[in-house]
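What follows is the residue order along each chain.
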Amino acid sequence: MKITLYRYLIKEQIVPMGVCVLGLTLILITGRLLQLLRYLFASSVTLLDIVELMVLAMPKLMLYALPMASLLAVLLAFLRLNGDNELIAFRAAGISFGQFFPMVMIVLLFITTVSYFNTLLVIPFATTAFESKLRSLARAGLPILMKEGTFIDTIPKMVFFFRSVNPTDLSIDGVFLEDEREPRVRVAIVAEHAAIAYSRDQNQLIFRITNGIITRIGDEMKDAQAVSFKVYDLSLSLDDLFGLRDKVSKSRGQMTLMELLEKIRETSKIPGVMVRFALEFQQRLALPLSCLLLGLIGAPLGALFKGKGRMTGVTLGLGVFLAYYIALSAGRGLGENCILSPLLATWLPNILTLAAAGYFWFKIQRETPFGLVDAWNHIATRYRSSPAIRRLPDKDTH
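No experiment lies behind these values; they were computed from the predicted model shown.

Draft legend 1. Looking closely at the overall build of the chain. Each helix and strand in the chain was counted, giving 12 helices and five strands. Looking at the chain as a whole, 42% of its 398 residues qualify as buried. Here the contacts in the chain between residues at least 6 apart in sequence split such that 66% fall between residues at least 24 apart. Taken as a whole, the chain presents about 22000 Å² of accessible surface, with 64% of it coming from carbon and sulfur.

Draft legend 2. Layout of the side chain of threonine 127. Mapped onto the fold, threonine 127 is located in helix H5 (residues 101-145). Within the local environment of threonine 127, its side chain forms a polar contact with the backbone oxygen of isoleucine 123, the two atoms lying 2.8 Å apart. Once residues lying within four places of it in the same chain are set aside, the contact partners of threonine 127 are Gly253 and Gln254.

Draft legend 3. Region of interest: the pairing of strand E2 (residues 171-179). Two strands pair when backbone bridges link them, and strand E1 (residues 158-166) and E2 are joined in this way by eight bridges, in the antiparallel orientation. Paired with phenylalanine 161 across the strands is phenylalanine 176, a residue of E2. Adjacent in sequence and paired antiparallel, E1 and E2 are bridged by four residues, among which leucine 170 carries a positive phi angle near 55 degrees.

Draft legend 4. A look at the nonpolar core. Counting residues in hydrophobic clusters, the biggest one holds 29 residues, and the most contacted among them are Phe78, Phe97, Phe100, Val104 and Leu296. Among the elements of the structure, helix H1 (2-35), helix H3 (47-83), helix H4 (86-92), H5, helix H8 (271-304) and helix H10 (342-366) are those that each provide at least two residues to this core. In terms of residues, this core owes the most to one element, H8, which gives seven residues. Residue contacts for valine 104: discarding those within four places in its chain leaves Gln13, Val74, Phe78, Leu296, Ala299 and Trp361.

Draft legend 5. A look at the packing of aromatic side chains. Applying the stated criterion across every chain, the model contains 12 aromatic pairs. Each ring, one from phenylalanine 162 and one from phenylalanine 207, has its centre 6.4 Å from the other, and the planes form 25 degrees; the classification is stacked. Remark: phenylalanine 207 occurs in strand E4 (residues 204-218) and phenylalanine 162 occurs in strand E1; sequence separation between them is 45 residues. The class for phenylalanine 207 is buried, based on a relative accessible area of 2%. Through successive ring pairs, a cluster of aromatic residues spans Phe78, Phe90, Phe97, Phe100, Phe101 and Trp361.

Draft legend 6. Inspection of the confidence of the model for the chain at higher detail. Taken over all residues, the pLDDT of the chain has a mean of 79, while the share at 70 or more is 79%. This stretch, residues 394-398, has a pLDDT under 50; its non-local contacts, to residues over four places away or in other chains, come to one contact.

Draft legend 7. The arrangement of the packing of H8 against H10 in detail. Viewed as axis vectors pointing N to C, H8 and H10 meet at an angle of 10 degrees, and their least axial separation amounts to 8 Å. Between H8 and H10, the angle is such that the two are roughly parallel. Class assignment of the residues belonging to the contact of H8 with H10 gives a composition of 25 nonpolar, six polar and no charged.

Draft legend 8. Molecular detail of H3. Look at H3: only 43 Å from first C-alpha to last across 37 residues, short of the 54 Å you get at 1.5 Å a residue. Asparagine 85 lies just past H3 and shows a positive phi near 60 degrees.

Draft legend 9. Quick peek at the packing of H3 against H8. Running from N to C, H3 and H8 cross one another at 15 degrees; their axes reach a closest spacing of 7 Å. One finds that H3 runs roughly parallel with respect to H8. Like other packed secondary-structure pairs, H3 and H8 cross with a definite hand, here right-handed. Residue composition of the contact of H3 with H8, by class: 18 nonpolar, seven polar and no charged.

Draft legend 10. Broad picture of the side chain of lysine 133. Checked against the element boundaries, lysine 133 lands in helix H5. Here glutamate 52 takes part through its side chain, which lies 3.2 Å from a polar atom of the side chain of lysine 133.

Draft legend 11. Representation of unusual backbone geometry in the model. Not every positive phi belongs to a glycine, and asparagine 85 is a case in point at roughly 60 degrees. In this fold, asparagine 85 is placed in the loop between H3 and H4. The partly exposed category is assigned to asparagine 85, whose relative accessible area is 38%. In this structure, asparagine 211 takes a positive phi of about 55 degrees despite not being glycine. Examined against the element boundaries, asparagine 211 turns out to sit in strand E4.

Reading guide: rules and limits
Residues numbered from 1 in each chain as written. Predicted model: local features only at pLDDT ≥ 70, side-chain atom pairs only at ≥ 80, totals over all residues. Heavy atoms only, no water. Helix = DSSP H or I, 4+ residues; strand = E, 2+ residues; numbered from the N terminus. Buried < 20%, exposed > 50% of the residue type's maximum accessible area, 1.4 Å probe, protein only. Contact = heavy atoms within 4.5 Å. Areas by Shrake-Rupley, 256 points an atom, 1.4 Å probe, with all protein chains shown as cover. Polar contact = N/O pair within 3.5 Å; in protein donor to acceptor, adjacent residues only side chain to side chain. Pairing = 2+ DSSP bridges. Core = buried A, V, L, I, M, F, W, Y, C linked by side-chain atoms within 4.5 Å. Phe/Tyr/Trp six-rings, centres within 6.5 Å; stacked < 30°, edge-to-face > 60°. pLDDT = per-residue confidence, 0-100. Axes fitted to C-alpha atoms, helices over the stretch in contact; angles between N-to-C directions. Parallel < 35°, antiparallel > 145°, perpendicular 65-115°, else oblique. Nonpolar A, V, L, I, M, F, W, Y, C, P; charged D, E, K, R; others polar. Expected span 1.5 Å × (residues − 1). Left-handed = near helix turned anticlockwise from the far one by under 90°.

Next up, the structure:
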């Protein structure tokens, strides 16, 4: 009997879990690609390149998708059980709500293990490969951005205009360039010829401009300088184009736990720098555990609402995740400003979530009323039964 019950309840959670993970991951990946849309579709990107970028971006995005999917999957499973009166049937058969705890834990522990594996082993590799892929696309696509007779503003704070471009040797005739990367100074370059080349590390794009004039104008338009030149090399970092890190030094997202620990030791005498590595280290450990803690809240929430209250339960579940994310973001901000220690700033949302989960399970097991839920249901019932609502005409009658 127990084995059959265990299989049934686990299956009820696995199906919505898969749907939620897939749906949320696709939404987050789409959002990430939209940030790069301006650059990707301006270059020679194939469908295979986009698929590869999506695969490489998935591990980092799943770090945030899995906790929300855990909460929604367990919540939806218990909303369905409660809506079909199966929870009442279980109680009539002598099965208390507390006996569902092992089945919920089995699913959540599996998802938590997957999240830890993804966070500790997959994300550093995938982040490095993702940035390397973007660099390769930038190197392949930038020559295509050099269109003739068109003002090109794809690169942030820079505008290009080329009269004619030879795609064979990447030579250019008739060059106008405006550069606003330097604060409070606007630089304009007009030249006869230019050629495009890469530096030795393949991370710098070099415009070798010949026979031209550089004009520098201050922000307040009070002074200007004009200098003629024979040869001028303008370097453009490919990292600036896609907002990537320097190729030589790893970003925090690319580091393993051991590398983060080493950085924490190296920067221990520089609190402002050390705290960022410490927050990243603690977040790698705390975020996967939120899959377990948020999922534990989903079961009692699903048991509270049925019928027309299902959407209320889903809304409340989304509110719980939003509150967790706000607490996590606030804790990170307080940690970066050295108001809270990195340990407390990162783990406080998990501690609060654990306390809330324990409270919900205790109330459901004892079958004691929830004051907040009862008040909400009372307000909703009065609203639906009010004369003004009953007098509203049916849209189908028109």
